[in-house]
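Inside the fold
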Amino acid sequence: MSRSPLDESTTASGAPAKDAAGDSAATPDAGTTGAWFVRGRRLPPPMVLLGWLVVAHVVLKALVYLLVVDSPPHGDESAYLNAAMALSNGVRDLFALNGPDVAELDRNVVASGWFMPGMAIVAAPLYVVFPDADIALVRAYLGLVNLALWLVVLRQVVRTLGPRWAVVLAIFPGLVPMWVMFTFGAWGDLNAGALLLLLLLRLVEMFRGMRAGRGPGVREGLVIGLLSIVILYLRSSTAVLLAGLGVVTLVAAVVLLRGRVRLRAIGAALVAAAVFGVLLAPWSAYASHVLGARVLTTTTVPTVKANTFGERDQVCFGECDPDSTLWFRPVRYAREVARATGTSEVEVLGQMSDHALRDLTPRHYLDQVAHNLAAYSLIPAVFVNHVVPEGGRGPVGEVGGWAAQLGTWLLYYPVLLLSAASLLSVARRSLEARMLDVLVKLCLGGLLVQPFVHVAGGRYWTTAAPFFGLAAAMYLRERQLRRAPAATAPTPAADLVAVRWLNRIQVSLAVATALVALALAVSVLVFW
């Protein structure tokens, strides 16, 4: 089993020392069972505790399923499930040796180019087997898929970071009722977050290899590329984060490795990029062909920017048709203009966005960013009132809904505060803890870019939830070990460069977070 960076009580050098319990911290399970976060209390062995927490997650999942079993698709779920049905029809046509209905695929899979097809691909196998599957079966299927994915994630956390950190994640987000509710949804946010955590764990293992002088090879490049493209297919807004993680990993390889090993790592990076590009190309080419314009991932950015930061009464070069929704009014108008002018609706949407944003001021932008951040992070249980049966839940269901909200609030808000504190602090106790601190900060920072460029809502936090849990636990662990005396050890010469670079990055990320938070706080106080 790999050595855990977070169960160590070490100096900044990364050299193993004695933990607060007096036991060697060279392995993930070192120290007394109850010494981790909880002092003076005996807890079950971490793997036993993890098993019970998984059982609790499954029980909670069964209870939450009763709240959503008959709930019709809400919002974007309809688009994802329609695309899944279209894909399943195409698969059946191929097996029947008939040509697929291209018009149906164009209309439902690409549509306006707003959504990546990841969740449609996930749900399509169900419709291949059960073409007329009702929503109860669809939600059960998605719940089982997400349960399997979560078990894979926890297993990998045990192998990479140690069982105590799997316990942390089994509690948060594993026991957060609203996070569990989203496991039955057709949105890709939660799945993308779980896979992003798997990607982070692969990067941790890669960093350990580079620290030991081993460069990643072709296999690592293939895995990183595959994970990255699947995450993008599930959640297109992760593109910036994925690019950032790729750049950071490449820089780490250049700094830590030498000679042929460095060239091997660069080759692995090229393999990852090639896999990513090759698997993105079919979707990009197909969407571009259907929409008559260059589409890399999705076409939502112009419309979202216009509706989020621009003047909504000018999005359609004036007011849009009031008979449609906020998001589809511009699309319908753009289609009519494109048809009349012989251009692409994507191009028209870009022109409409520029028009709506022409008078954007810093004050209005910061005001909307503050609203977006609040919507992203402060209303975690709002969807309990959206995902409901058509006839309502009834008295028992209402009690269950309130219990889900209360349970979410009790777990979510303390973790959110601790995560914010972690973003403003620096982990110093070991080299690997520093490295994981940087990766978690990059993931949270990359995900929190969305409120600055895109509308936010009460379901997007599910992508960041695993990283909230890790950040909160890292902050508590750091505070705990700083209060306890620990042996010190000299920094190995081979680690001096890594420690220096990681410290610079950590401080830069913390300062950047503080400056952004200060700017937003000032804008709220001054402009509101």
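What you see is a predicted model; the values in this text were computed from it and never measured.

Counting its secondary structure elements, the chain contains 20 helices and zero strands. Against the globule reference of 24 Å for 528 residues, the chain gives a C-alpha radius of gyration of 24 Å, in line with a compact fold. Each of the three principal axes of the chain carries a C-alpha extent, and together these read 75 × 60 × 55 Å. Scored against the burial criterion, the 528 residues of the chain give a buried share of 50%. Nonlocal contacts in the chain, meaning residues at least 24 apart in sequence, comprise 78% of its contacts between residues at least 6 apart. With the model as given, the accessible surface of the chain reaches about 23,200 Å², and the carbon-plus-sulfur share is 67%. In the chain, the 43 positive side-chain charges and the 34 negative ones have mean positions that sit 15 Å from each other.

Quick look at the environment of Asp106 now. Take Asp106: it is sitting in helix α3 (residues 102-110). Among the residues examined, Asp106 registers a relative accessible area of 23% and is labelled partly exposed. Residues Asp106 and Ala86, spaced 20 residues apart in sequence, show a C-alpha to C-alpha distance of 9.2 Å. Excluding residues that lie within four positions of it along the chain, Asp106 makes contacts with Ala111, Tyr286 and Val290.

On to the confidence of the model for the chain, then. Fine structural detail should not be taken from predicted coordinates in areas where pLDDT scores are low. Across the chain, the average pLDDT comes to 89, with 90% of residues at 70 or higher. The model gives residues 7-35 a pLDDT under 50, and that stretch makes 103 contacts with residues more than four places away or in other chains.

So, about the state of the cysteines. Counted under the stated rule, the structure contains one disulfide. Two residues share a disulfide in this structure: Cys316 and Cys320, whose sulfurs sit 1.9 Å from each other. In this structure, the disulfide formed by Cys316 and Cys320 twists by about 95° around the S-S bond and is classed as right-handed. Accessibility classification places Cys316 together with Cys320 in one group, the buried group.

Under the criterion given, the structure shown has 14 aromatic pairs. Each ring, one from Trp114 and one from Phe115, has its centre 6.4 Å from the other, and the planes form 70°; the classification is edge-to-face. Accessibility classification places Trp114 together with Phe115 in one group, the buried group. Pairwise contacts between aromatic rings join Phe172, Tyr412, Tyr413, Trp461 and Phe468 into one cluster. Looking at Lys61, its charged tip hangs above the ring of Phe184, at a distance of 4.8 Å from the centre. Sitting over the ring of Tyr475, Arg479 keeps its end group 4.6 Å from the ring centre.

Ranked by internal contacts, the top residues of the largest apolar core, which has 123 residues, are Val157, Leu196, Leu200, Val440, Trp461 and Phe467. For this core, the element with the highest residue contribution is helix α8 (residues 189-211), accounting for 15 residues. In this structure Trp461 touches Val176, Met178, Trp179, Phe182, Tyr376, Pro380, Tyr412 and Phe468, once residues within four positions along its chain are discounted. Residues Ala306, Cys320, Ala334 and Ala356 belong to the second largest nonpolar core, which totals 10 residues.

Parameters and conventions
Residues numbered from 1 in each chain as written. Predicted model: local features only at pLDDT ≥ 70, side-chain atom pairs only at ≥ 80, totals over all residues. Heavy atoms only, no water. Helix = DSSP H or I, 4+ residues; strand = E, 2+ residues; numbered from the N terminus. Rg over C-alpha atoms; globule rule 2.2 N^0.38 Å. Buried < 20%, exposed > 50% of the residue type's maximum accessible area, 1.4 Å probe, protein only. Contact = heavy atoms within 4.5 Å. Areas by Shrake-Rupley, 256 points an atom, 1.4 Å probe, with all protein chains shown as cover. Lys, Arg positive; Asp, Glu negative; His and termini not counted. Charge placed at Lys NZ, Arg CZ, Asp CG, Glu CD. pLDDT = per-residue confidence, 0-100. Disulfide = S-S within 2.5 Å. Phe/Tyr/Trp six-rings, centres within 6.5 Å; stacked < 30°, edge-to-face > 60°. Lys NZ or Arg CZ within 6 Å of the ring centre and 35° of its normal. Core = buried A, V, L, I, M, F, W, Y, C linked by side-chain atoms within 4.5 Å.

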